[in-house]
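Coordinate inspection notes
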Amino acid sequence: MTDPAPLGEPAPPSASSLPLQPAQPSSQQPPAFQQPQYTDNFYEAVGGHPTFVKLVDVFYDGVADDPLMRPMYPEEDLGPAKERLLLFLEQYWGGPKTYGEQRGHPRLRMRHMPFIVTPAARDAWLRHMRAAVDSLDLSPLHEGTLWDYLERAAHSMVNSA
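Every chain is numbered independently, its residues counted from 1 as its sequence is written. Owing to the predicted nature of the model, reporting of local features is limited to residues with pLDDT of at least 70; listing and counting of side-chain atom pairs is limited to 80 or more, with chain, interface and lining totals taken over all residues. Side-chain figures throughout are based on the complete set of non-hydrogen atoms in the structure, without hydrogens or water.

Considerations on the pattern of salt bridges
For this analysis, a salt bridge means a side-chain nitrogen from Lys or Arg found within 4 Å of a carboxyl oxygen belonging to Asp or Glu. Going through the model one piece at a time under the given rule, you end up with six salt bridges. Notably, a salt bridge pairs aspartate 66 with arginine 127, separated by 3.5 Å at the nearest N-O pair. Taken together, the residues span a long stretch of sequence, with aspartate 66 in the loop between α2 (49-64) and α3 (79-92) and arginine 127 in helix α6 (residues 119-136) at a distance of 61 residues. The rule is simple: take the accessible area with a 1.4 Å probe, protein chains only, and divide by the maximum for that residue type; under 20% is buried, over 50% is exposed, in between is partly exposed. Arginine 127 sits in the exposed class, given a relative accessible area of 51%. A run of H or I in DSSP counts as a helix once it spans at least four residues, and a run of E counts as a strand once it spans at least two, with each numbered from the N terminus.

Have a look at this one:
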């Protein structure tokens, strides 16, 4: 044990009170603390436009070769359908409002009524969308949130046995 310091003198530092890093020279101040940027906007939280482009691209790559799904897309080129889905999903999840500006209210069931959507078609849609969601490598919370919506939407589109 060490002797206490004489009165008026500081006690020598103990090993537990020594700084872990050398002190910064006074001319170099550490960066000021900044609060992390949080968002409640799903679109921004998952990566914005590039994330939704990838989702839609991977989905339609599967649809293009699916004999059950492909006939439901009347355009020769899947480009217009891809654009509509991209704009819809971006707007739904908090991105640009372009879908509504161009097409009005989504009216998903009404827009899908001309097509026979059977449980088999729903399952095929979900299979391709599952591959697309998995390709994004989202956090479990974001993946679950997105998948929950897509699954519910797919079930609601069934209009034929």
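After that view, the rundown keeps rolling.
Here we look at the layout of surface pockets
In this analysis the probe radius is 1.4 Å and the grid spacing 1 Å, with only protein atoms considered; a cavity is a set of points the probe fits into but cannot get out of, a pocket is an open set with protein on both sides within 12 Å along at least five of seven lines, and lining residues have an atom within 4 Å of a point. Grid points are joined across faces, edges and corners, and a volume is the space filled by probe spheres set on the points. Roughly 670 Å³ of internal volume is contained in the largest pocket. Forming the boundary of the largest pocket are 27 residues, of which Tyr60, Tyr73, Leu85, His112 and Trp125 lie nearest the centre. For the lining of the largest pocket, the secondary-structure elements that each account for two or more residues are α2, α3, α4 (98-103), α5 (108-112), α6 and α7 (140-157). Note that Gly is not counted as nonpolar here; it falls among the polar residues with everything else outside the nonpolar set of Ala, Val, Leu, Ile, Met, Phe, Trp, Tyr, Cys and Pro and the charged set of Asp, Glu, Lys and Arg. Grouping the constituent residues of the lining of the largest pocket by class yields 21 nonpolar, one polar and five charged.

Focus: the environment of methionine 157
Following the sequence through the fold, methionine 157 ends up in helix α7. By relative accessible area, which is 11% here, methionine 157 ends up buried. Contacts were defined at the residue level, with two residues in contact if any of their heavy atoms lie within 4.5 Å. Excluding its chain neighbours within four sequence positions, the residues that come into contact with methionine 157 are Leu108, Arg109, His112 and Val117.

Details of the packing of α2 against α3
Inter-axis angles, ranging from 0 to 180 degrees, are taken between N-to-C directions of lines fitted to C-alpha atoms, where helices are fitted over the stretch in contact. At their nearest, the axes of α2 and α3 sit 10 Å apart, and the two run at 140° to each other. On the basis of the axis angle, α2 is oblique to α3. Handedness of the α2/α3 crossing: right-handed. Across the interface between the two elements, His49, Phe52, Val53, Leu55, Val56, Asp57, Phe59 and Tyr60 of α2 pack against Ala81, Lys82, Leu85, Leu86, Leu89 and Glu90 of α3. Under this scheme an angle from 65 to 115 degrees is roughly perpendicular, one under 35 degrees roughly parallel, and one over 145 degrees roughly antiparallel; angles in between are oblique. Two helices crossing with the near one rotated counterclockwise from the far one by less than a right angle form a left-handed crossing, whereas a clockwise rotation gives a right-handed crossing.

Quick notes on the environment of glutamine 91
As for its placement among the helices and strands, glutamine 91 is situated in helix α3. Along the sequence, glutamine 91 and tyrosine 43 sit 48 residues apart, while their C-alpha atoms lie 8.5 Å from each other. The residues touching glutamine 91, leaving out its near neighbours within four places in the chain, are Pro96, Lys97, Thr98, Tyr99 and Gly100.

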